[in-house]
Every structure is written in C-alpha cells, then in structure tokens.
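Structural characterization, general
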Amino acid sequence: MGFLKKLPILGKQGLKHPYNKKTVGQNAEQEIAAVTGQLEETATKEELGDISKLGSNPRGIVDSLIERGINVLDYGLKGDGTTSNDMSIQNLFDSLTSNINLVFPAGIFNLSKLTVENKSGITIKGVSKTESVLRITSNYNQLVQFKGCNNILFENITIDLTDSITATKIKFGESTTINGCSNIKFLNCNIKNKVNKKASSGTLTFWRNTYNVDFIDCDFEEVHYPILFDNNGVNVSRGYVRMQNCDIKGYTTERARKAILFQGTGTRLNTHVFVQNNIFERFDYGVMNLYHVSAFTVTGNTINDCKALLDTDYIGTSPVETAICWLDTAGNGNIGNCVFSDNSFTSCVGICVYLEEVRNGIIRGNRFVDILGRPSGIKTYDSGTFQIISEGNHCIIAVGGVADLQIVGNTFANVERVLLLCRRFAPVIIGGYYLERIQFINNKISCLETAINIVERVTSVQVKGNIATGSNNSFPFIEYNKASTTQDLDYIAVDENTVNGFSTVYKRPANYGNGQFLNNYFRGSGTFFECDFRTNYAVNNNIHATSETARTIINA
C-alpha cells in the first residue's frame, strides 16, 4: 500500500496537492483522481498493484484503490485509544458520495458522534476483529447515526459500545417514516457493550423503516440489550432480519436482558426473522423477543443458563416478560413460515417458548433439558379474576390467537411442566380470542409435575403418540380447568400415548365437551381418568396396568 501512504491528510481546509501545493475540492474521489493524474511515471507495481490482474478492460486506478479501501490513518484518524476522531471521520464521510471503503488498521479508534446521510455502499473494515477496535463513546446528546443509507457493511472489527447509561450508541434510521436504512451487515465482528443501563432500548438500534439486517459469524461479548428493532407506530412492509452463527454472551455483573428485541406498536407485515445456529448464554431476562413479525425461522440454536426473571413480584395478565423466547406474528404468519426447530435449552429457568397470535407454527425437534425452578418474581399467572396456574413453570406456553400449531418430535428431559394452552391471561378483556387446532405429537417427556395444562377454550387439541414419564404418581398427564361455564374445551383427542408415573391420564373437574381416548397405555396406581364421560366421548382399547401382570382394558 505504498501508494496510499503518499496520499495527504484531508481536513476541513481541503486536500493539499503534494506536487503543486494547490488546495483542491472537498470530494475525496476527485482529490484522489487529481493526485493520480500527476503521479511520477516511475511508480512501481508494488505501489500501484498489478494492473494486469484487472482484466482486459481495467476500470482505472482510482476504482481499484477505492475497492482496496482508504486507510483511515491517512486522513487524520488515530488509533491510540485516547484521541477523539469525530471531526476527522465526519470530514471524510462528508467528502465521499458512495462506495466508501474505510480500512481501520490495528488500534483503538475513539468515536462519539457521526452523522452519515443518504450514502450508498459503506464498508467499515478492520484487519481483524481482535486487533481493530472502534470504540463508541456516545452519550445522551450525541451518537453515531446513519440516515437514508443502504448497503452498509461492518467487517472484521470490534465495535466496543462501552460501559454507559446511554440507551443507543449506533442508530440506523430516525424517528420518521423516511430516512430508513437497508441492507446492513455485520460480518465476523466482535460486539460488546458491557451494560446498557436503560432497559427499554438497544445500543445498536434499528429504527422504524429499516430492513434487511444481517449479523453473521459475530461474537457478542458481555452484552445487555445489545440489539433493538423499534418500529413504533409504523408498519414495515418488507425485508428480513438474520442472526446466524453468532456467539452471544450476556453481561455477568448485572443481569443481562434480551439479546434481540423487537418492539413498537406497528406491524412488520412482510418481515421474516431468521435466528439460526447461534449460542446464547447468561441472559437473565430472556433471549429474544420477536414482536409483530410476520414470520420466523428459529433453528439450531443453543440456549444455555438463561432465565426469564422479573424485577418485582408478578401477579398479572400476561407473563410475556418472563419468556426466554417470545414469538408473536400478530396473526400474519403463513404456512411453513413460523418454524422453531432443533434448538436446545439447557439449565434454563422460566418459560422457554411463549407463542401469541402465531398461525401455522411448527415446534419440532427441540431439546428441553433440566428446565427446573420457578422464575423468581412470579407468584401466579392471573387474569385478575381467575387464577390460571400457580405452580411450576412450562417449557412452552401458547396463548390467544395461536392456531394450527404443531408441537412434534421434541424431547423434554427433567423438566417441571411441558405445555400450557390458555386463551390468554385476561379472558374477560380479550373476548373471543381462542386457540384453535393444537397438535402435540410424538414427543418424549420426563417431567416432575403435570405435563399438559389446558385452561379456557381451545377448539381442538390432539395429543398423540407421546411417551411420557412422571416423577411420583402425584400429578396428571393432562389436566383441564376452565375459567367459566361458558369457556370449554371443544374437542380433545388423546390417542396412542404411553404414560407412566402420573396419577391419571386425564383430569378435569366436570362433565364438559367431547373427544376421544383410543389405544393409550397407562402404567400407574391411580385411575385411568379423573373425569365424567357421560357426553360425546369415544373411549376404546386403552390399557391400564397397575403392575406387570395386572391390566385392564378401558372402553366406554
């Protein structure tokens, strides 16, 4: 890069030409062209690069140099960890129009404020994500902001968002429906913020009409609310968000909050969120909150030592803040576009998966291991008038607006409770906000308490082909309770399950609804059913074994 070292420093007064000492304009591309136009003819191949490699129709030395990148040291920036680079980098961005390729060599570059508007093709690249550090020291009155920009790439660099009470350090878009950003990628970066003490915002904030965002092969170190997508009051009708192959570790000193958070009253009508093959560890207030997205693909993630805690004792209408993964498509999900599969939860506390208004969802092939202990701060899930469930925690909760949900082929090993189906935690307020067509099929279960709780009206539930082992014959495999005489389970089919170590297969307080119980095997000392089947139930070919040899065929 010998040629680049000959480039002069660009400051507020413009570029000083190295040969005629003339001050040229503020546009760096024109300035580079002015310099290269008067290069000595003796410039070596090492200084210019091998022009023959540009092909038969080279686009010119200036284009080649722009692609290689501008070394920020040549434009007044200092990587000494103490100098403010605000003015130097602002001048540099102001002088460029598009295809901006900035190279940060090894060092720590301090930056507290920067505004980049209406630029296309921005690359901020380090020599490696451990050697090149961009330290953002913003406060309440200043931040790094991109407005109306597209095709932004951060690559091979550490983005240190520092220990601060500032809510946002880098912001994409602004508080209007215009000037959103698009096609933003963080590739092989190290992102750390130690702690963001404002619990309602992210230190990397993507505001309103901003879309197509990637985090690929990134490490998040000691983070707390690192990423926020906020579309408050604005409907976003396009794009995707993808987090893939990242290692995300929460802050160890203060309880870390969600790694990825969507919030706002607007709806993302065509936004697909991909969270794939990541590792999440040490988050005490949940991992992901996907609110009002139209589709999600959450696959292959490892979630370890994460919790869903609250700051105060909770008796309320909705436990969404106590969910490790909160998934809400606002009823916009399409067939096959809401997939939660092949994820692993280990040593977690609280609700692992909470679904609201998810249509055509698939929860498949996940592992829930050692999900024990009730989240501290939760006293009860309560509608205000009716206590829904006051014991244990559930790996999965599905509430109002969930329809055509398949929970298939999952493993629940050493967990307290598996599944809660509930219209919502405010039945009087929500009205006809029901669950419809829920399938729980071919799962393997080892749990300490009730496996499946059903509360209020669900139009259809199928429980089939599961192998379930209880702990001490004290809790039913399935228990149904309803909030009122008008809200009943319309239909339940319990077929071909193997149930051992529970007090009964199915418990309900009174004679309501209809359904079928076919070809189940139950090993236990209690009764096969704790309910009254006087109306509309088909009960055939079930086996109740009280010992190895004592078996009874249950028909009705």
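Some words on the overall build of the protein
- The number of helices and strands found in the protein is six helices and 55 strands.
- When burial is assessed residue by residue, the protein has 56% of its 556 residues classed as buried.
- Within the protein, residue pairs in contact and separated by at least 24 positions form 71% of the contacts whose partners lie at least 6 positions apart.
- Total accessible area on the protein stands at roughly 21,600 Å², and carbon and sulfur atoms take up 46% of it.

Side note on the environment of L489
- As for its placement among the helices and strands, L489 is situated in the loop between β46 (478-481) and β47 (491-495).
- Sequence separation of L489 and V458 is 31 residues, and the distance between their C-alpha atoms is 5.0 Å.

Concerning unusual backbone geometry
- The phi dihedral of N156 falls on the positive side, at around 55°, and the residue is not glycine.
- Note that N156 resides in the loop between β11 (150-155) and β12 (158-160).
- You can call N156 buried: its relative accessible area is 18%.
- In this structure, N442 takes a positive phi of about 55° despite not being glycine.
- Secondary-structure assignment places N442 in the loop between β41 (436-441) and β42 (444-447).
- What makes N442 partly exposed here is its relative accessible area of 45%.

Comments concerning the packing of aromatic side chains
- Under the defined criterion, the tally for this structure stands at 23 aromatic pairs.
- Summarising the aromatic geometry, the rings of F146 and F154 are spaced 6.2 Å apart at their centres and angled 85° between planes, so their arrangement reads as edge-to-face. By the burial criterion, F146 is buried, and F154 matches it.
- Consider the rings of F172 and F186, whose centres lie 6.3 Å apart with planes at 90°: the pair is edge-to-face. Of this pair, F172 sits in strand β13 (residues 170-172) while F186 is found in strand β14 (residues 182-187), placing the two residues 14 residues apart along the sequence.
- Given a relative accessible area of 0%, F172 falls into the buried group.

Observations regarding the pattern of salt bridges
- For the structure on display, the rule yields twelve salt bridges.
- In this structure, R437 and E436 form a salt bridge, with 4.0 Å as the shortest nitrogen-oxygen distance.
- Note on R437: relative accessible area 39%, which makes it partly exposed.

Some details on the nonpolar core
- Counting 119 residues, the largest nonpolar core has F146, F186, F215, F345 and F477 as the members making the most contacts within it.
- The contact partners of F146, leaving out residues within four places of it in the chain, are V116, I122, I124, I152, F154, I170, K171, F172, G173 and C181.
- Of all hydrophobic cores here, the second largest spans nine residues; its members include Y354, I397, V399 and C422.

Notes on the pairing of strand β53 (residues 537-540)
- In β53, alternate side chains face the same way, and those of Y537 and V539 are buried while those of A538 and N540 on the opposite face are not.
- The pairing of strand β50 (residues 514-518) with β53 spans four bridges and is classified as parallel. Residue pairing for β53: F517 is matched across the bridge by V539.

With respect to the environment of T168
- Looking at the element boundaries, T168 is found in the loop between β12 and β13.
- With relative accessibility at 15%, the residue T168 sits in the buried group.
- Spatially, the C-alpha atoms of T168 and F206 are 9.8 Å apart, while their sequence positions differ by 38 residues.
- Polar side-chain contacts of T168 include one of 2.9 Å to the side chain of T205.

Quick look at the confidence of the model for the protein
- For the protein, the mean per-residue pLDDT works out to 78, and 70% of the residues sit at or above 70.
- Confidence drops under a pLDDT of 50 for residues 1-26, and excluding neighbours within four residues, the segment shows 63 contacts in the predicted structure.

Quick look at the side chain of N301
- Summarising the element assignment, N301 is placed in the loop between β26 (293-299) and β27 (302-304).
- From its side chain, N301 meets the backbone nitrogen of N278 in a polar contact 2.9 Å long.
- A distance of 3.2 Å separates a polar atom in the side chain of N301 from the backbone oxygen of T299.
- Residue contacts for N301: discarding those within four places in its chain leaves V275, Q276, N277, N278, F280, D342, N343 and S344.

Rules of the game
Residues numbered from 1 in each chain as written. Predicted model: local features only at pLDDT ≥ 70, side-chain atom pairs only at ≥ 80, totals over all residues. Heavy atoms only, no water. Helix = DSSP H or I, 4+ residues; strand = E, 2+ residues; numbered from the N terminus. Buried < 20%, exposed > 50% of the residue type's maximum accessible area, 1.4 Å probe, protein only. Contact = heavy atoms within 4.5 Å. Areas by Shrake-Rupley, 256 points an atom, 1.4 Å probe, with all protein chains shown as cover. Phe/Tyr/Trp six-rings, centres within 6.5 Å; stacked < 30°, edge-to-face > 60°. Salt bridge = Lys/Arg side-chain N within 4 Å of Asp/Glu carboxyl O. Core = buried A, V, L, I, M, F, W, Y, C linked by side-chain atoms within 4.5 Å. Pairing = 2+ DSSP bridges. Polar contact = N/O pair within 3.5 Å; in protein donor to acceptor, adjacent residues only side chain to side chain. pLDDT = per-residue confidence, 0-100.

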